[in-house]
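Residue-level structural notes
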Amino acid sequence: MAILSGVVDGNNDYEHGEPLLITTSSSSDHGEGRNLRRSDAVESVVDYRGDRVYDRSKYGGWKSAYSIIAIDIADSFTYWGISSNLISYLTGPLGQSTVTAAENINIWGGVVSLLPFLSAFVADSYLGRFRTVLISGFIYILGLGLLSLSVVLPSLISSLNYNDNSFFFSSPTSYQLVFFFCSLYIMAIGRSGCKSCAQAFGADQFDGRDPKECKSKSSFFNWWFLGLIFGNGISHLTLNYIQDNMGWGLGFGIPCTVVVVALVIFLLRTKTYRYSVIEKKQNPLVRITRVFIAAAKNWRKTPSLDSLQEDTVKLPGMHLGANQFRFLDKALIDISKDSLRKNDIKCTADQVEEAKAAIRLVPIWLTCLIYGIAVAQSTTFCIKQGNTMNRKIGRDFEIPSASMQIFGSVAVVFSIVFYDRVFVPSARSFTGKPTGITMLQRIGCGMFVSTVSMVVAAIVEKTRLQIALDNGLIDMPQATVPMSIWWLVPQYILQDTSDIFALIGMQEFFYDQVPNELRSVGLGLYSSILGMGHFLSGFLISIVDKLTSGSGRYSWFSDNLNRAHIDFFYWLLAGLSAFELLTFIYVSKSYIYKSCR
């Protein structure tokens, strides 16, 4: 069997820049060998040469997934190392107010989380996942390099003063601000491709149709998240201290080096990956759009019974969701030859079911948005709270407030191992499901824990305000409130533990429930929840600030945190989270999972 392999352009029959097997039989021996191994072949997958993957042990699997997880660890280390302490840089060296800094962080965080959706579309429609990760990695490195330069270049630090072993801007110029934020957003563009496609490419290394690899794929999402937490934890232990005590140039430069190393590791394993091959057919987003257009055009037309039955029988058994969204069945109407026009659209039953599956995702997506708002708080007000509290360990060492998130990360490491190795096998024995519980049940559990974390955060902040009042510190915002920063540990642990259920559940759910060709887009949908959560958080903060700061009153988000009422804001989020949980339970009861094909 002769094999044509190598780099080919986008006009040939391969999946958007990834290799496709083109074969011709050259000997009966080879043909027989292929037939003998056909049952071991991984469907729609080739190796780096474009050859069909028959040897599962040689290509894909955990040995390939581990090198892709390196991208995840580096990204987590970098993103959280910068974002977790960004409010300290904005309110310190850049001299912004607490509200302005929080709004800027939420806008940037929203862009960071929404861009993966666009990158996923580009990957699934044009470049392919491998190439998207590669190109995005170089852009990521560029943004991080510029971010470091924005702090260390002489032309940009001319207005810096030095005091108490730290740099600060006395009066930052508009040029400095523009250069810094441009670098920050270039980093966001680079991260988007890695965030949306690296995880999907890693999941592609497992065959969901094989029972053993199906379980490994479910575990992959757990271990991917563990890699995220590992990178997150290391950044809190090291980068936050470096930024606060050794300078922001070094604090931004180290992440750049880490991403370079991860990209090298990713490239070194190129020959072991499985590359997806998709049948050459119309873009899935276009197919779905055509269904809506056809249904709209045929709105007033009545389908013939024979026409609908003919199309319905083409499905591999009656789909459980066939009775949902019946208005889309209008797209199945076969226009008679006498009235056929060039702009008439005829869709197949498979395409209609694909569109219905997409619609079923919308209520789930909407009911997850408040969870995204709660997640956004860990990098804004929680850090400012910690800065006012007693952070000393021993006589001289003072722990950075942002580093307190490490306790949540440590709790997650143990919890995710327990979940994957103990909880899932135990639940599997009762439910008979490979994943133990359903994906939506997992998300709902996460929402409940997140609601509890907001309640705990509100109680802790109320206690901090009372201690400040009792000690006469209400108008002394720079004074240290005699309350240990360890009080913040429970809310960090609870919020990060909720991620084990909600965030991993969302990743697996949106990856699994979209059409196979749109799995990068599916992960982009998950990421967009966090992005919209950041935007909605910024919008909510802006509205609440305006409503609570009139008539000479102190805003809930006053720069003097001892006069502010962040506890009220946490109670508001707790109420919204409880409402979201009830709505999610109601919506999820009627959700019908996509059938495996």
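A brief look at the structure comes next. Starting afresh in each chain, residues are numbered from 1 along the sequence in its written order. Under the rules for a predicted model, residues below a pLDDT of 70 receive no local features and side-chain atom pairs below 80 are neither given nor counted, while totals for whole chains, interfaces and linings still include all residues. Only hydrogens and water are removed before side-chain values are computed, so all heavy atoms of the structure are retained for them.

Turning to the environment of Phe-397, a few remarks are in order. The helix count covers DSSP runs of H or I at least four residues long, the strand count covers runs of E at least two residues long, and both are numbered beginning at the N terminus. Residue placement: Phe-397 occurs in strand β9 (residues 397-398). Think of it in three bands: residues with accessible area under 20% of the maximum for their type are buried, residues over 50% are exposed, and the middle band is partly exposed, with areas taken using a 1.4 Å probe on protein chains only. Residue Phe-397 is classed as partly exposed on the basis of its relative accessible area, which comes to 37%. Sequence-distant contacts of Phe-397, that is, excluding residues within four places in its chain, are made with Tyr-241, Arg-391 and Lys-392. Note on contacts: a residue pair qualifies if any of its non-hydrogen atoms lie within 4.5 Å across the two residues.

Residue position: Ser-88 is located in helix α3 (residues 86-91). Not counting the four nearest positions on each side in its chain, Ser-88 is found in contact with Pro-93, Trp-248, Ile-383 and Asn-387.

This part covers the packing of aromatic side chains. The pairing test for Phe, Tyr and Trp rings, Trp by its six-membered ring, is centres within 6.5 Å, and the orientation test on the planes gives stacked under 30 degrees, edge-to-face over 60, and tilted for anything in between. For the coordinates displayed, the defined rule picks out 29 aromatic pairs. Relative to Trp-108, the ring of Tyr-79 has its centre 5.7 Å away and its plane inclined at 25 degrees; by these criteria the two rings are stacked. Of this pair, Tyr-79 sits in helix α2 (residues 61-83) while Trp-108 sits in helix α4 (residues 98-127), and the two are 29 residues apart along the sequence. Trp-108 shares its class with Tyr-79; the two are buried. Between Tyr-419 and Phe-501, the ring centres sit 5.6 Å apart and the planes meet at 85 degrees, which makes this aromatic pair edge-to-face. Note that Tyr-419 is positioned in helix α14 (residues 405-431) and Phe-501 in helix α16 (residues 489-513), a separation of 82 residues in sequence. An identical accessibility class is assigned to Tyr-419 and Phe-501; each is buried. Grouping aromatic residues by their ring pairs yields a cluster made of Trp-62, Tyr-66, Phe-206, Phe-220 and Trp-224. Taking NZ or CZ as reference, Arg-191 lies 4.0 Å from the ring centre of Tyr-79, over its face. Distance and angle both matter: a charge sits over a ring if NZ of Lys or CZ of Arg is within 6 Å of the ring centre and within 35 degrees of the ring normal.

Following the sequence through the fold, Asp-72 ends up in helix α2. For Asp-72, which is buried and forms no salt bridge, the nearest opposite charge comes from Lys-195, at a distance of 5.3 Å. Within 3.5 Å is the distance limit for a polar contact, defined as a pair of N or O atoms, with the added protein rule that one can donate a hydrogen and the other accept it, and that residues adjacent in sequence qualify only through two side-chain atoms. Within the local environment of Asp-72, its side chain forms a polar contact with the side chain of Trp-224, the two groups lying 3.4 Å apart. Look past the residues within four positions of Asp-72 in its chain and what remains in contact with it is Trp-224, Gly-227 and Leu-228. This count recognises Lys and Arg as positive and Asp and Glu as negative, with His and chain-terminal groups excluded. A pairing counts as a salt bridge when a side-chain nitrogen of Lys or Arg comes within 4 Å of a carboxyl oxygen of Asp or Glu.

Moving on to the nonpolar core. In this description, a nonpolar core means a group of buried Ala, Val, Leu, Ile, Met, Phe, Trp, Tyr and Cys residues linked to one another through side-chain atoms lying within 4.5 Å. In this structure, Phe-180, Phe-225, Phe-266, Ile-364, Met-506, Phe-509 and Phe-510 are the most contacted members of the largest nonpolar core, which totals 139 residues. Setting aside chain neighbours within four positions, we find Phe-180 in contact with Leu-86, Tyr-89, Leu-90, Leu-94, Leu-147, Ser-150 and Phe-252.

With respect to the element layout, Leu-530 can be found in helix α17 (residues 519-548). Under the relative-accessibility criterion, Leu-530 is labelled buried at 13%. As a C-alpha pair, Leu-530 and Ser-113 span 417 residues in sequence and 5.8 Å in three-dimensional space. Sequence-distant contacts of Leu-530, that is, excluding residues within four places in its chain, are made with Ser-113, Gly-372, Val-375 and Leu-503.

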